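# Understanding the architecture of this molecule
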2 protein chains.
Amino acid sequence: MNEFDLIATLTKSLPTNETVVTGAGDDCAVLDFGLAEKLFLFKTDSVVEGVHFTRETPPEKIGHKALGRCLSDVAAMAGVPAAALVTIGLPKGFDAEWIGRIYDGLNALAGKCDVAIVGGETTTNPGGIFISIALLGTVGRGKQILRAGANMGDAIFVTGELGGSLLGKHLDFEPRIAEAQWLAENFSVHAMIDLSDGLAGDLRHILNASGTGAELLKSAVPVSRAAKLQARNSTLAKPAFAAALTDGEDFELLLTVASRDAVKLLDAWKKKFPKIKLSCIGKIVPGRGIIIRDRNRTQKLDAHGYTHFA
Amino acid sequence: MNEFDLIATLTKSLPTNETVVTGAGDDCAVLDFGLAEKLFLFKTDSVVEGVHFTRETPPEKIGHKALGRCLSDVAAMAGVPAAALVTIGLPKGFDAEWIGRIYDGLNALAGKCDVAIVGGETTTNPGGIFISIALLGTVGRGKQILRAGANMGDAIFVTGELGGSLLGKHLDFEPRIAEAQWLAENFSVHAMIDLSDGLAGDLRHILNASGTGAELLKSAVPVSRAAKLQARNSTLAKPAFAAALTDGEDFELLLTVASRDAVKLLDAWKKKFPKIKLSCIGKIVPGRGIIIRDRNRTQKLDAHGYTHFA
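In what follows, the accompanying structure is described. Keep in mind that this is a model prediction, so the values were computed, not measured.

## Brief notes about the overall build of chain A
- The helix and strand inventory of chain A stands at nine helices and 13 strands.
- Computed over the C-alpha atoms, the radius of gyration of chain A is 19 Å, within 12% of the 19 Å expected from 2.2 N^0.38 for a compact globule of 310 residues.
- Overall, the C-alpha framework of chain A stretches about 60 × 55 × 45 Å when taken along its three principal axes.
- Counting across all 310 residues of chain A, residues that qualify as buried make up 56%.
- Across chain A, every contact between residues at least 6 apart in sequence was considered, and the portion connecting residues at least 24 apart equals 81%.

Here it is in structure tokens:
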């Protein structure tokens, strides 16, 4: 059983109550506590030694990544992060100074994003360092952007450049909080998600939630320098475009808007965020799954996120 | 460096913002999002294989304990729990059915306490199972009960019976949510904490936060049957009273009220919760630390939570 099957089984019939607007299955849970203008966003995410970082990773970057992952999820709902709790599991004989530097990185990002760190827990974890962050944020009532809103004909956009994040970006990314809020305030964004599993996987989350398919234009997908470098440096590495589709941990925003808004969005974005790329990479179409259009050919992505490209 | 020293170092200068009423250092963080009548409680806690449970522990009880620990902290602030996120780190080759049973126990307790499970995460944890719960709750504005409110002369109360929880109660306890709310609604409770570290350790948290000392009457401390059994069954086990002071994971409430309210509280409690013991175990006194009074002798507890009893 893989992770997604397990989650599907475990989240089949979760207890609920009258506070729940959106439960498990989106970037954040959405909760209503009766505040006139706001709903609450609630999210947890973790990073684990040997999976998301190693003992060789600069500890400040581990802290940055741990919090940044949650912030990216709040951004993907067009929310504002407010307060976080930090749980850290430590093996015996931990180095307190090194752990302190994890917090330095975490606190620096929190300060930058006006997030209060309001507590947490340290505990033992015999197998290695385990950091779990719980984040509480808010979003304007009715302004939350879910995965399940893509409409037929929508233009699909992605921020930044994709692929090769293991070369560094997976530790250094900036959660797109301000960008997401600007998008939500100025455009009717139909669906949004942050890219953690890779473009192919995360687009599929939008498509499955929205009951649609997508067609991507190969030449429009912004492939990062890192993905190209990675492909060039080893004949064993996946092609750069495949890396952009499947590498994961880009922590960029993937969103859809009505096609009539596409040009206006591109123009306004360029003025507002001149240093961050925004690319229209395709459109929402009938059917299921992802089709890649490359000049005259179209091919379907298979279920595992890898392409059939020759 | 022990856990408390590490926490003290890490929480020295945490980022804060205008939502924070009470940050790190109490049972829960208290946050203000502008809701007229309510503040928010935010808490995280975790259980780890090999520390808080083993593979031999019935998985339903692991789930019960994981959520129950957080609920107990919300209870200790006189709060109402609302929604939780569940993070679970799994070693390779996990047994999905067994994990499902952890959720069964967790969901059962959530349902009973009207807590929504609104998501979470599964991830890899090479060393064993790691479960972290994040809990969001509410409390009437100004009604939260902190550790730092004990006044000179206050009577000290504890619910239930203490010690020997490893014989079973650490997995089976019922968080005192309703009891704490009733206490807060009907009495002026000055300070409250839930017993996770043991009576001596947790009372010290109240005393340090309040800047006071305490005198406990040895004969008044409710020693559990399990603590007595444990002491009787092995000459190596600590004496039953020492177990009641230091065993931890009782998940009972420890609280102080003005001495003039003490008798009224005992009477009202007996009518409201006839099946749960409430004991007046001592009083808040000047100075620092904990003094144990036993007939004509008084002795001071040392800093490690263990007694000097001969």
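## Some thoughts on the packing of helix H2 (residues 59-76) of chain B against helix H3 (residues 96-112) of chain B
All names here are of chain B.
- Axis separation between H2 and H3 bottoms out at 6 Å; the angle between their running directions is 45°. If you check the angle between H2 and H3, you find them oblique. Judged by the twist between their axes, the crossing of H2 over H3 is right-handed. Facing H2, whose interface residues are Pro-59, Glu-60, Lys-61, Ile-62, Gly-63, His-64, Ala-66, Leu-67 and Gly-68, H3 presents Trp-98, Arg-101, Ile-102, Tyr-103, Asp-104, Gly-105, Leu-106, Leu-109 and Ala-110.
- By residue class, the composition of the contact of H2 with H3 is ten nonpolar, four polar and four charged.

## Details of the interface of chain A and chain B
- Taken together, the contact between chain A and chain B spans 58 residues of the former and 58 residues of the latter.
- Looking at the side of chain A that touches chain B, the elements that each hand over two or more residues are helix H1 (3-10), strand S2 (29-31), strand S3 (38-48), strand S4 (80-90), helix H3 (96-112), strand S5 (116-124) and strand S6 (130-140) of chain A.
- By residue number, the principal contributor to the side of chain A that touches chain B is S5(A), which donates nine residues.
- Within the side of chain A that touches chain B, the residues separate by chemical class into 30 nonpolar, 24 polar and four charged.

## Here's the deal with the relation of the copies chain A and chain B
- Superposition of chain A onto chain B requires a rotation of 180° combined with a translation of 0.0 Å along the rotation axis, giving an RMSD of 0.0 Å. Read as a symmetry element, the transformation amounts to a two-fold axis. Nearest to the rotation axis, the C-alpha of A:Gly127 is located 1.8 Å from it, this being the minimum over chain A.
- When the interface residues of chain A are mapped onto chain B, 100% of them again fall at the interface, so both copies present the same face.

## A few points about helix H5 (residues 177-186) of chain B
All names here are of chain B.
- Among the residues of H5, those classed as buried are Ile-177, Glu-179, Ala-180, Leu-183 and Ala-184. All buried residues of H5 fall inside an arc of 165° around its axis, so they share one side.
- Turning to H5, the residues buried within the fold contact H2, strand S4 (80-90), strand S7 (155-159), strand S8 (189-194) and strand S10 (253-257).

## Things to note about the nonpolar core
- Ranked by size, the top nonpolar core spans 202 residues in total, and within it A:Ala84 and B:Ala84 carry the most contacts.
- Each residue touching A:Ala84, except ones within four places of it in the same chain, is listed here: A:Leu67, A:Cys70, A:Ala110, A:Val115, A:Ile117, A:Ile133, A:Ala134 and A:Leu135.

## Some points on the sheet that holds S4(A)
Residue and element names in this part refer to chain A.
- The mixed open sheet is built from six strands, whose spatial order is S1-S2-S3-S6-S4-S5. A strand with exactly one partner marks an edge of an open sheet, and here the two such strands are strand S1 (20-22) and S5. Going from strand to strand, the sheet's axes swing by 25° on average, the running direction of each strand aside.
- Where S1 lies against S2, two bridges are found, and the strand directions are antiparallel. Bridge pairing in S2 links Val-20 to Leu-31.

## Thoughts on the pairing of strand S10 (residues 253-257) of chain A
All names here are of chain A.
- Here S10 lies mainly inside the structure; five of its five residues are buried.
- Of the two faces of S10, both are covered, the one formed by Leu-253, Leu-255 and Val-257 as well as the one formed by Leu-254 and Thr-256.
- Relative to S10, strand S7 (residues 155-159) is paired through four bridges, and the arrangement is antiparallel. The residue of S10 that forms the bridge with Val-158 is Leu-254.
- Looking at chain direction, strand S8 (residues 189-194) and S10 are connected through five bridges and run antiparallel. The residue of S10 that forms the bridge with Asp-194 is Leu-253.

## A closer look at unusual backbone geometry
- Its identity as a non-glycine residue notwithstanding, A:Asp114 has a phi of 55°, on the positive side.
- Among the structural elements, A:Asp114 can be located in the loop between H3 and S5.

## Re the pairing of strand S12 (residues 289-294) of chain A
Residues and elements named next belong to chain A.
- Direction of pairing for strand S9 (residues 213-217) relative to S12: parallel, over a ladder of five bridges. Looking at S12, one finds that Leu-216 is bridged to Ile-292.
- Relative to strand S13 (residues 297-300), S12 is paired through four bridges, and the arrangement is antiparallel. Residue pairing across strands places Asp-294 opposite Arg-297, the latter belonging to S13.
- Connecting S12 to the antiparallel partner S13 that follows it, the hairpin turn spans two residues, and Arg-295 within it adopts a positive phi of roughly 50°.

Rules and cut-offs
Residues numbered from 1 in each chain as written. Chains lettered and ligands numbered in written order. Predicted model: local features only at pLDDT ≥ 70, side-chain atom pairs only at ≥ 80, totals over all residues. Helix = DSSP H or I, 4+ residues; strand = E, 2+ residues; numbered from the N terminus. Rg over C-alpha atoms; globule rule 2.2 N^0.38 Å. Buried ≥ 20, exposed ≤ 12 C-beta atoms within 10 Å, placed from the backbone. Contact = placed C-beta atoms within 7 Å. Axes fitted to C-alpha atoms, helices over the stretch in contact; angles between N-to-C directions. Parallel < 35°, antiparallel > 145°, perpendicular 65-115°, else oblique. Left-handed = near helix turned anticlockwise from the far one by under 90°. Nonpolar A, V, L, I, M, F, W, Y, C, P; charged D, E, K, R; others polar. Least-squares fit on C-alpha atoms with pLDDT ≥ 70 in both. Arc of directions from axis to C-beta. Core = buried A, V, L, I, M, F, W, Y, C linked by C-beta atoms within 7 Å. Pairing = 2+ DSSP bridges.

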